[in-house]
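# Coordinate analysis (summary)
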Amino acid sequence: MEFKQTQEHWDALGRDDAMWAVLTDPGRKGGWTREEFLATGREEIAETLALLDRVGIQVPRRAALDFGCGAGRLTVALSEHFERAVGVDIASSMLAQARRNAEGRPCEFVLEADGSLGSLSDVAFDLVYTARVLQHMAPEHADRYLGEFLRVLAPGGVLVFQRPSMPSRTVLGLGMRLAPVSVTNALRRVVTRSAGTMEMHGTSGADIRRVIEAAGGRIVHRERDSKAGPHWVSWTYVVRKGDAGPARASG
């Protein structure tokens, strides 16, 4: 799918039900309350900061970027730990919901609709976080964003991101390995009864490592996660900008 199409689909999803499009719990379509939704963000950011503590990384608490912020659940959570929290999304409808969800909280929201982070300054953030986002765009677009994340990170800053590698060995996962992406996209849209297509893509760890290292980063930790759901093999990566220490992986 072309980047413009991806943007249009997520704008449609945001107009239809922004919070459900971010967290597609089958029983929650039209049913997320703001506080319940934001509580999931607080839990996820707490887990992320605990992960960094566990692998021995201390992050300054000046500025954090939430990429693909959607309806703002993680941006709001980051604002409770960092002096500055910025949420970026490609869909204006998502940002409209994010601003409503973040009312009264010290969050900034930015629309970046051209496939880059052009309005954000170099070396501006101590932490960049993104999850359940890069999986929904073509790998070449996701790879370009990885380079942008490293650009906006301060020296020694940390990027934490999630990306699946391949469909899992469930019955549905094995079917996705065989079927063309166009077919799985169409089926996914029918099954979820959504206003736009939530396409899914996997990328190998070796390919991700090449992109990260070319952009000046180093993977210092990798572990399995469940963020892409049961039918995908998904990973959380921790990347340090300018860190020459040894990489390690678990899971």
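Residues numbered from 1 in each chain as written. Predicted model: local features only at pLDDT ≥ 70, side-chain atom pairs only at ≥ 80, totals over all residues. Heavy atoms only, no water.

## Thoughts on the overall build of the protein chain
What the protein chain contains, in helices and strands, is 8 helices and 7 strands. Buried positions account for 54% of the 251 residues belonging to the protein chain. When contacts within the protein chain are restricted to residue pairs at least 6 apart in sequence, those whose partners lie at least 24 apart make up 69%. When the accessible surface of the protein chain is summed, it comes to about 10900 Å², and 53% of that surface belongs to carbon and sulfur atoms. (Helix = DSSP H or I, 4+ residues; strand = E, 2+ residues; numbered from the N terminus. Buried < 20%, exposed > 50% of the residue type's maximum accessible area, 1.4 Å probe, protein only. Contact = heavy atoms within 4.5 Å. Areas by Shrake-Rupley, 256 points an atom, 1.4 Å probe, with all protein chains shown as cover.)

## Quick look at the environment of methionine 200
By secondary structure assignment, the location of methionine 200 is in the loop between α7 (181–192) and α8 (205–214). For methionine 200 and alanine 228, which are 28 residues apart along the polypeptide, the C-alpha to C-alpha distance reads 8.9 Å.

## Considerations on the sheet that holds strand β5 (residues 153–167)
Pairing within the open sheet is mixed, and its 7 strands lie in the order β3-β2-β1-β4-β5-β7-β6. In this open sheet, the two edge strands, each paired with only one partner strand, are β3 (107–111) and β6 (217–225). Neighbouring strand axes in the sheet, compared pairwise and without regard to direction, differ in orientation by 20 degrees on average. Taken together, the 9 bridges between β5 and strand β7 (residues 232–241) define a ladder with antiparallel strand orientation. Residue pairing for β7: methionine 166 is matched across the bridge by valine 233. Lying over the sheet, helix α5 (residues 139–152) contacts β1 (63–67), β4 (125–130), β5, β6 and β7, oriented at roughly 160 degrees with respect to β5. (Pairing = 2+ DSSP bridges. Axes fitted to C-alpha atoms, helices over the stretch in contact; angles between N-to-C directions.)

## Concerning unusual backbone geometry
Positive phi values are uncommon outside glycine, yet valine 123 reaches one of about 45 degrees. Its location among the elements puts valine 123 in the loop between β3 and β4. On the accessibility criterion, valine 123 (44% relative accessible area) is partly exposed. Look at arginine 132: it is not a glycine, yet its phi comes out positive at around 60 degrees. Here arginine 132 lies in the loop between β4 and α5. Of the residues examined, arginine 132 reaches a relative accessible area of 24% and is grouped as partly exposed.

## Re the side chain of serine 79
Its location among the elements puts serine 79 in helix α3 (residues 73–79). Overall, the relative accessible area of 11% leaves serine 79 in the buried class. Polar contacts involving the side chain of serine 79 include one to the main-chain carbonyl oxygen of valine 76, which spans 2.6 Å. Contact partners of serine 79, with chain neighbours within four places excluded, come to Ala85, Pro106 and Cys107. (Polar contact = N/O pair within 3.5 Å; in protein donor to acceptor, adjacent residues only side chain to side chain.)

## Section: the pattern of salt bridges
On inspection of all chains with the given rule, the structure shows 14 salt bridges. Here arginine 105 ties to glutamate 35 by a salt bridge, and the two come within 3.9 Å at their closest N and O atoms. With arginine 105 in the loop between α4 (92–101) and β3 and glutamate 35 in helix α2 (residues 34–54), the pair connects residues that are 70 residues apart, well separated along the chain. Judged by relative accessible area, which is 24%, arginine 105 ranks as partly exposed. Of the charged contacts, one joins arginine 42 and glutamate 80 as a salt bridge, the two residues approaching to 2.9 Å between their closest N and O atoms. One end of the pair, arginine 42, is in helix α2; the other, glutamate 80, is in the loop between α3 and β2 (84–89), and 38 residues separate them in sequence. On the basis of relative accessible area, arginine 42 is assigned to the partly exposed category, the value being 27%. Counted as one network, the salt bridges with shared partners bring together Arg34, Glu35 and Arg105. (Salt bridge = Lys/Arg side-chain N within 4 Å of Asp/Glu carboxyl O.)

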